[in-house]
Amino acid sequence: REPIASFSRGLRPRFYLYECYNMLRRLSLTVLVLGCETLAQSTIFVVFVSILTLVIERESSPYLNRFLSAFTYVLHWQIVMFVLFLLLMDADMTSDAGGIVISAILLVANICIIGVIFVDTRFEKTFLKKEEIVRERRRTRAISLETPSMPGRSMR
């Protein structure tokens, strides 16, 4: 009912401020990195923040939905993999073909993640529909059991 409660609806009670932390994490990876003066500083900052937030996400598992917790964990790994890929390319440790292969692997991983989102959303909608049908049947059955039968009439 409260507008602020929607931020923490899917979180475990002790992590109700997790979305504030998540916003700070995103800002640090996109905006605060601009405050670094050299490439080395920004690289160390991004690696530190991405690995630290990966560990925090894994250890806290703040979401009530286990799928969502696992999914955000995979997304954090995707960020770390991207940073490592950029480090490999910046250090000239990959050839042109190697860079294309790694880029293709990251692209396929992103497409798989998008596929998982669509499949899970579809299954969740189907599950919710089935759950609603079961609740309606139980409600109907409870009403029919509460209704007294009239004497002299048979129940069919």
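In this report, the structure presented in the accompanying data block is examined.

Some remarks on a nonpolar patch on the surface
Together, M23, L24, L27 and V31 make up an exposed nonpolar region whose accessible area comes to about 390 Å². With respect to the helices and strands, L27 occurs in helix α1 (residues 18-30).

Some points on the nonpolar core
Core analysis: the biggest nonpolar cluster contains five residues, these being L29, V33, V46, V49 and V83. With near-sequence residues (within four places) excluded, V49 lies in contact with S28 and L29.

With respect to unusual backbone geometry
Unusually for a residue other than glycine, S61 sits at a positive phi of about 45°. Within the element layout of this structure, S61 appears in the loop between α2 (39-60) and α3 (66-90). A positive phi is found at D92, a non-glycine position, where the angle reads about 55°. Positionally, D92 belongs in the loop between α3 and α4 (96-146). Overall, the relative accessible area of 68% leaves D92 in the exposed class.

Description of the packing of aromatic side chains
A full pass over the atoms with the stated rule returns three aromatic pairs. Centre to centre, the rings of Y18 and Y63 are 5.7 Å apart; their planes meet at 80°, and the pair counts as edge-to-face. On the criterion of sequence distance, the pair formed by Y18 in helix α1 and Y63 in the loop between α2 and α3 is long-range, its members being 45 residues apart. Judged by its relative accessible area of 8%, Y63 falls in the buried class.

Rules used throughout
- Residues numbered from 1 in each chain as written.
- Predicted model: local features only at pLDDT ≥ 70, side-chain atom pairs only at ≥ 80, totals over all residues.
- Heavy atoms only, no water.
- Patch = residues over 30% accessible without salt bridge, like charges linked within 9 Å, V, L, I, M, F, W, Y side chains within 5 Å.
- Areas by Shrake-Rupley, 256 points an atom, 1.4 Å probe, with all protein chains shown as cover.
- Salt bridge = Lys/Arg side-chain N within 4 Å of Asp/Glu carboxyl O.
- Helix = DSSP H or I, 4+ residues; strand = E, 2+ residues; numbered from the N terminus.
- Core = buried A, V, L, I, M, F, W, Y, C linked by side-chain atoms within 4.5 Å.
- Buried < 20%, exposed > 50% of the residue type's maximum accessible area, 1.4 Å probe, protein only.
- Contact = heavy atoms within 4.5 Å.
- Phe/Tyr/Trp six-rings, centres within 6.5 Å; stacked < 30°, edge-to-face > 60°.

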